[in-house]
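# Coordinate inspection notes
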Amino acid sequence: LPEQILKGKHIIVTAGGTREAIDPVRYITNHSSGKMGFAIAQAAANAGAEVSLIAANTSIPVPNGVDFIPVVTAKELEAAVMKRFTSADGLVMSAAVADFRPAVVADHKIKKTKDNDNLTISMVKNPDIVKQVGAIKQPQQFVVGFAAETNDLLANATKKIQSKNLDLIVANDVANSQIGFNSDQNQVTFMWPDGQTKKTVVESKAKVADELIQIIAKL
Ligand code: C5P
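Report on the accompanying structure. On a predicted model such as this, the values are computed, not experimentally measured, just so you know. Numbers given to residues run from 1 along each chain, matching the order in which its sequence is written. Confidence filtering applies because this is a predicted model: local features only for residues at pLDDT of at least 70, side-chain atom pairs given and counted only at 80 or more, and all residues used for totals across whole chains, interfaces and linings. Processing note: side-chain calculations cover all non-hydrogen atoms of the structure and skip hydrogens and water entirely.

Pairing of side chains with opposite charge becomes possible as their charged atoms draw close. Any Lys or Arg side-chain nitrogen found within 4 Å of a carboxyl oxygen on Asp or Glu counts as a salt bridge. One pass over the structure, following the stated rule, counts seven salt bridges. Note that Asp23 and Arg26 form a salt bridge whose closest N and O atoms lie 2.5 Å from each other. Across the pair Asp128 and Lys164 runs a salt bridge whose closest N-O atoms are separated by 2.6 Å. Here Asp128 is found in the loop between β8 (123–125) and α3 (129–136), whereas its partner Lys164 is found in the loop between α4 (153–163) and β10 (168–173), with 36 residues between them in sequence. Buried residues are those whose accessible area, probed at 1.4 Å on protein chains only, stays under 20% of the maximum for their type, while exposed residues exceed 50% and partly exposed ones sit between those limits. For Asp128, a relative accessible area of 31% corresponds to the partly exposed category. The class of Lys164 is buried, set by a relative accessible area of 19%. Secondary structure follows DSSP: runs of H or I at least 4 residues long count as helices, runs of E at least 2 residues long count as strands, and numbering of each begins at the N terminus.

This next bit is on the nonpolar core. Buried residues of nine kinds, namely Ala, Val, Leu, Ile, Met, Phe, Trp, Tyr and Cys, make up a nonpolar core once their side-chain atoms join them within 4.5 Å. Counting 32 residues, the largest nonpolar core has Val92, Phe190, Leu212 and Ile216 as its most contacted members. At the level of elements, β1 (10–16), α1 (35–46), β4 (50–56), β9 (142–149), β10 and α5 (205–218) are the ones that each hand at least two residues to this core. The greatest single-element share of this core, amounting to eight residues, is contributed by α1. Look past the residues within four positions of Phe190 in its chain and what remains in contact with it is Leu168, Ile169, Val170, Gln196, Thr197, Lys198, Thr200, Val208, Glu211, Leu212 and Ile215. The next biggest cluster of nonpolar side chains, apart from the first, holds 24 residues, and it includes Ile12, Ala56, Leu91 and Val133. The criterion used for residue contact is that any of the two residues' heavy atoms lie within 4.5 Å.

Listed below in structure tokens is the structure:
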């Protein structure tokens, strides 16, 4: 990787999966490990960028030389991103944000009762963070989103790049257990707004991150 291609740039990277509380002891989350986002943060730092790594519930080592901001919920992740975005050069939104959160967080642990064989948890929609950022980004700023899909990968990625006003989307097939969640390997398709695509080979998340940094340097 050519040295310092992002020197002087401030890049925000989000990683991990948000947790949405149900009651004081339980939450809803997803399978994101944060490995891809951490690899991107490391690659950006290696390329000379100032990196803010906003991480939701990760338990992997923090890359060297990055500003680490731990968060728990989608609302906290949103606040951490919005606080920093206006003064940043760009955002890589690789966190897996819960689309919904419980409408109310019970004050006490929810108990099972004799006459209650079902439990319904009412959920409300979380803010779409990358969409909000896509709507306010200035021409000199970039926003990269991710599309983790189990089906119709490219069709879904195309919809997302447009509806969220992204400069690039990184699409991956999470139905394939060789790649994606918690794996050290990944295979992604980079997609640009004009519909151009580039598919990587199955390679380490560090290699995918280096390819992404090369693309970001051009953005
Ligand atoms: O629509 P979908 O959740 O599949 O889109 C994925 C992209 O949107 C990812 O970049 C993810 O980080 C981002 N996202 C977000 N806020 C949400 C849901 C997803 O920023 N509430």
